[in-house]
Structures are given as structure tokens and as C-alpha cells.
Amino acid sequence: MQNLPALLLAFALALPSNSVRADEPRYEQLRSVNAEGIGKFYMGREIAHVMGHPAADWLERPEREREERPDLLLAALELQPGMKVADIGAGTGYHSRRFAQLVGEQGTVYAVDIQPEMLQLLEQNMTSYSVRNVRPVLGDIKDAKLPASQIDLVVMVDVYHEFEFPYEMMESIVRALKPGGRIAFVEFKAGDRSVPIRPLHTMSEMQIRKEAGAFALQWVKTVSTLPWQHVVIFAKVGDQRK
Ligand SMILES: C[S@@+](CC[C@H](N)C(=O)[O-])C[C@H]1O[C@@H](n2cnc3c(N)ncnc32)[C@H](O)[C@@H]1O
């Protein structure tokens, strides 16, 4: 990420060994030429390092509202009161608390992250904003740890490209969706020179649709009104695996 302080890369999580085993034929381990990549490839894309919690302040920077326009994201997601929403890779809860306001007291936001330190910051933020309908969930790198067939909408903001096991994560996420439930990939636009983010932290719409295509998901719409990100939305149909 170009505008991101160099410290962010320095704090990229050193995850346990990424070596690809024979029982994981979906993935390829190659030598990385990118500082921000883990050298593991999925469907032709190198997976990026996880953003470590010491860089969490970047997620709460005041200029983020102007740069990323979270209000336009909310409009794209069409949240309704009472919905059960999962914010995967919730970080400090920047988006979770906005979703919580729109789903209201009858709704729930499951805020999933793999870093306990992020969830601690998220809980502090929810207390200081007096938000009571956000449930922190400690996931793992292969499983979002959500209840089966309960979720109306899964949102993944700036996280899918750093899933170490995208296939397994998607399996667990699709399992958690209700039939007809929606999933939104919110990724920095690849190839757009006005987006000040390093390439491995961006994704093209074509790549997102290719990777979502491994599951029984139907493309619903792509929203391109946000300055830096696109929002690619799918709905769950039938069996989760094609
Ligand atoms: C770049 S931050 C984005 C945070 C938040 N979505 C936002 O936009 O403010 C990515 C977050 O995703 C989390 N993450 C990475 N892999 C994950 C996984 N497999 N499951 C859940 N969270 C994950 C990281 O720990 C980190 O907090």
C-alpha cells in the first residue's frame, strides 16, 4: 500500500509457515518477488500479508471518510433493520459500528477477526461509541466460526486478498449464509492509477468473479461509486460447491 506508512509492511503478520502441503493442491508456493506477498498463489493471484494490529491506527484515520467514502459503501450494501451481518476481517470495527447502526437493536453484526488484539480494540471502540449489537468472533485462518445458515449479508472490506486459505474461508462463509444471503467483496480497484495502494492489496473485478465462481454464488451487482474500492456482490444459491 503506497500511502500506508512503511511501518505497516514492517508490521505485516509473520504467520506460521506458509509451505503448501500435498493435500492442498489448490495452492502453489513460489518464490515471492513482492515484499507484500506471502509467495503463495491461488487462481493465479499471490496472497498478500495480513495487516498486523500495530498498524490499526491507519484503519481509524480521520481522512478515511473522505478517501474511502464509507457512506457510499453503506448505500451499496442496502442494509435493513433486523439483519444479521458478518463483517469478516473487522479490524478495529470501523465498518462494524456503521453496520450496527443500520441493522438496529433487532439486528446483529458478527465482527470476525483472526487477531485477538484487533478484537480487543474493536471492543474498546464499541464501548466508547455505545454500540451493543456487535458480537466479536475470533476466527481462524480457515474458518470464520459463524453459525450455519444464519447470516443475511457477509461483508469483507480490504481483507479477502489477505486470506491465507481463501478457498476454505469461502467454504465456511458460504456455509454461514442463509439461502439467498449476500456476500460483498470490497476491494481496492486493481489497475486504477488513482488508487494509492500497492498491487497485491488490490483486486480486479474479473479476479473476484473468478474466485467466487468456485462456489454456488450468483453475481448480483458491482458498485463502482466509491473512490478507491469496488463492491462486488453475490447471492448464495443452492449447494455451496459447484
Ligand atoms: C486491512 S485490515 C481491514 C480491517 C477492516 N475491514 C477495515 O476495513 O477497517 C484486514 C483485517 O482482516 C483480518 N484478517 C486477515 N485474514 C483473516 C481471516 N482469515 N479471517 C478473519 N480476519 C482476517 C486481519 O487480522 C485484519 O484485522
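Notes on the structure in this doc start here. Being a predicted model, the structure only gives us computed values, none of them experimental.

A word on the pairing of strand E6 (residues 134–138). Pairing of strand E5 (residues 108–113) with E6 involves five bridges; the strand directions are parallel. Across the sheet, Asp-113 pairs through a bridge with Leu-138, a residue of E6. At this point the chain moves from E5, through helix H5 (residues 116–128), to the parallel E6, and the crossover so formed is right-handed.

Taken together, 22 residues lie around the ligand, and Met-51, Gly-89, Gly-91, Val-157 and Val-159 are the ones closest in. Looking at side-chain class alone, the shell around the ligand contains 14 nonpolar, five polar and three charged residues.

Membership of the largest hydrophobic core comes to 55 residues, with the highest contact counts inside it found for Val-85, Ala-86, Val-154, Val-155, Met-156, Ile-173 and Ala-184. Residue contacts for Ala-184: discarding those within four places in its chain leaves Leu-77, Leu-153, Val-155, Met-156, Val-231 and Ile-233.

Pairing is antiparallel in the open sheet, where three strands are placed in the order E1-E2-E3. Looking along the sheet, the strands with just one partner apiece sit at the ends: strand E1 (27–29) and strand E3 (45–48). Within this sheet the neighbouring strands show an average axis-to-axis angle of 40°, counted without direction. Both strand E2 (residues 37–42) and E3 contribute to a ladder of three bridges, which runs antiparallel. Looking across to E3, one finds that Phe-41 is bridged to Glu-46.

Once that is clear, we can look at the environment of Val-186. Assignment of secondary structure puts Val-186 in strand E8 (residues 177–189). Separated by 30 residues in sequence, Val-186 and Met-156 have C-alpha atoms that sit 5.9 Å apart. The contact partners of Val-186, leaving out residues within four places of it in the chain, are Leu-73, Val-155, Met-156, Val-157, Asp-158, Gln-229 and Val-231.

As for its placement among the helices and strands, Pro-25 is situated in the loop between helix H1 (6–10) and E1. Taking the C-alpha atoms as reference, Pro-25 lies 9.9 Å from Tyr-42; in sequence the two are 17 residues apart.

For Arg-69, which is not a glycine, the phi torsion comes out positive at approximately 50°. Structurally, Arg-69 is set in the loop between helix H2 (64–68) and helix H3 (70–77). Phi is positive for Lys-145, which is not a glycine, with a value near 55°. Assignment of secondary structure puts Lys-145 in the loop between E6 and strand E7 (151–157).

Attention now goes to H3. Buried within H3 we find Leu-73, Ala-76 and Leu-77. Along the axis of H3, the buried positions cluster into a sector of 95°, meaning they face one direction only. Glu-78 lies just past H3 and shows a positive phi near 50°.

Calculation notes
Residues numbered from 1 in each chain as written. Predicted model: local features only at pLDDT ≥ 70, side-chain atom pairs only at ≥ 80, totals over all residues. Pairing = 2+ DSSP bridges. Helix = DSSP H or I, 4+ residues; strand = E, 2+ residues; numbered from the N terminus. Right-handed = clockwise from strand over helix to strand, strands pointing away. Near = placed C-beta within 6 Å. Nonpolar A, V, L, I, M, F, W, Y, C, P; charged D, E, K, R; others polar. Core = buried A, V, L, I, M, F, W, Y, C linked by C-beta atoms within 7 Å. Buried ≥ 20, exposed ≤ 12 C-beta atoms within 10 Å, placed from the backbone. Contact = placed C-beta atoms within 7 Å. Axes fitted to C-alpha atoms, helices over the stretch in contact; angles between N-to-C directions. Arc of directions from axis to C-beta.

Any functional reading would require information beyond the geometric quantities listed.
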